[in-house]
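Chain and residue survey
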Amino acid sequence: MNYYEWFTKAKKSIDSLNCGGTFTLSKLLCSSGWETLEAGDKIKFGKRFKEDVLNNKIPEVILISKSGIVSKYRKINS
């Protein structure tokens, strides 16, 4: 799995969201082939994406909740 490729897909999808919109990675990337990834790759990508959000590398997104292995995010500005 290429993190940069999936990060780019996620960024494009985030850009299309309205400010205040909430999402999980599976919903954000459902039209980009997310379901074709192996479970381990989804977990690895999710952990790295969450790290990037928490380290403000994706400043327009905040983590709003985590339940089990599913994290929920909110777009906070355009």
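Here goes a summary of the coordinates provided. Position numbers for residues count from 1 along each chain, tracking the sequence in the order it is written. With the structure being a predicted model, the display of local features is reserved for residues of pLDDT at least 70 and the display and counting of side-chain atom pairs for 80 or more, all residues being used for whole-chain, interface and lining totals. Only hydrogens and water are removed before side-chain values are computed, so all heavy atoms of the structure are retained for them.

1. Topic: the nonpolar core
How we decide: Put simply, a nonpolar core is a bunch of buried Ala, Val, Leu, Ile, Met, Phe, Trp, Tyr and Cys residues held in one set by side-chain atoms that sit within 4.5 Å of each other. Exposure classes here rest on a 1.4 Å probe applied to the protein chains alone. A residue is buried below 20% of its type maximum, exposed above 50%, and partly exposed in between. Secondary structure elements follow DSSP: runs of H or I no shorter than four residues count as helices, runs of E no shorter than two count as strands, and numbering proceeds from the N terminus. In this description, contact between two residues means that some pair of their heavy atoms is separated by no more than 4.5 Å.
Formed by 16 residues in total, the largest nonpolar core has its most connected members in Phe45 and Phe49. Among the secondary structure elements, those contributing two or more residues to this core are helix H1 (3-15), helix H2 (25-28) and helix H3 (39-54). With four residues, H1 is the single largest residue contributor to this core. In contact with phenylalanine 49, not counting residues within four places along its chain, are Tyr3, Ala10, Ile14, Phe23, Leu25, Ile58 and Tyr73.

2. Comments concerning the sheet that holds strand E2 (residues 61-67)
Worth spelling out the cut-off: Pairs of strands are assigned from DSSP output, requiring at least two bridges between the strands.
Spatial ordering of the open sheet is given by E1-E3-E2, a layout of three strands whose pairing is antiparallel. The sheet is open, and its two edges are formed by strand E1 (22-23) and E2, each paired on a single side. Where E1 meets strand E3 (residues 70-75), two bridges bridge the pair, whose relative direction is antiparallel. Paired with threonine 22 across the bridge in E3 is arginine 74.

3. Focus: the environment of threonine 8
This is how the line gets drawn: Pairing of N or O atoms within 3.5 Å defines a polar contact, subject to two protein rules: one partner must be a possible hydrogen donor and the other a possible acceptor, and residues neighboring in sequence count only if both atoms are side-chain atoms.
The topology assignment puts threonine 8 in helix H1. The exposure class assigned to threonine 8 is partly exposed, which follows from its relative accessible area of 28%. A sequence separation of 54 residues divides threonine 8 from isoleucine 62, and the C-alpha atoms of the two residues are 17 Å apart. There is a polar contact of 2.8 Å between the side chain of threonine 8 and the backbone oxygen of tyrosine 4.

4. Observations concerning the pattern of salt bridges
What counts, and what does not: One speaks of a salt bridge when a side-chain nitrogen belonging to Lys or Arg is within 4 Å of a carboxyl oxygen belonging to Asp or Glu.
With the rule as written, the count across this model stands at three salt bridges. Where lysine 9 meets glutamate 5, a salt bridge forms, and the shortest distance between an N and an O atom there is 3.5 Å. Placement of both lysine 9 and glutamate 5 in helix H1 is noted, with a separation of four residues, approximately one turn of the helix. Judged by its relative accessible area of 25%, lysine 9 is partly exposed. In this structure, glutamate 60 engages lysine 11 in a salt bridge whose closest nitrogen and oxygen atoms are separated by 2.4 Å. Highlighted residues: glutamate 60 in the loop between H3 and E2 and lysine 11 in helix H1, separated in sequence by 49 residues. Take glutamate 60: its relative accessible area is 9%, and that puts it in the buried class. Each member of the salt-bridge network shares a partner with another, and the members are Lys11, Asp15 and Glu60.

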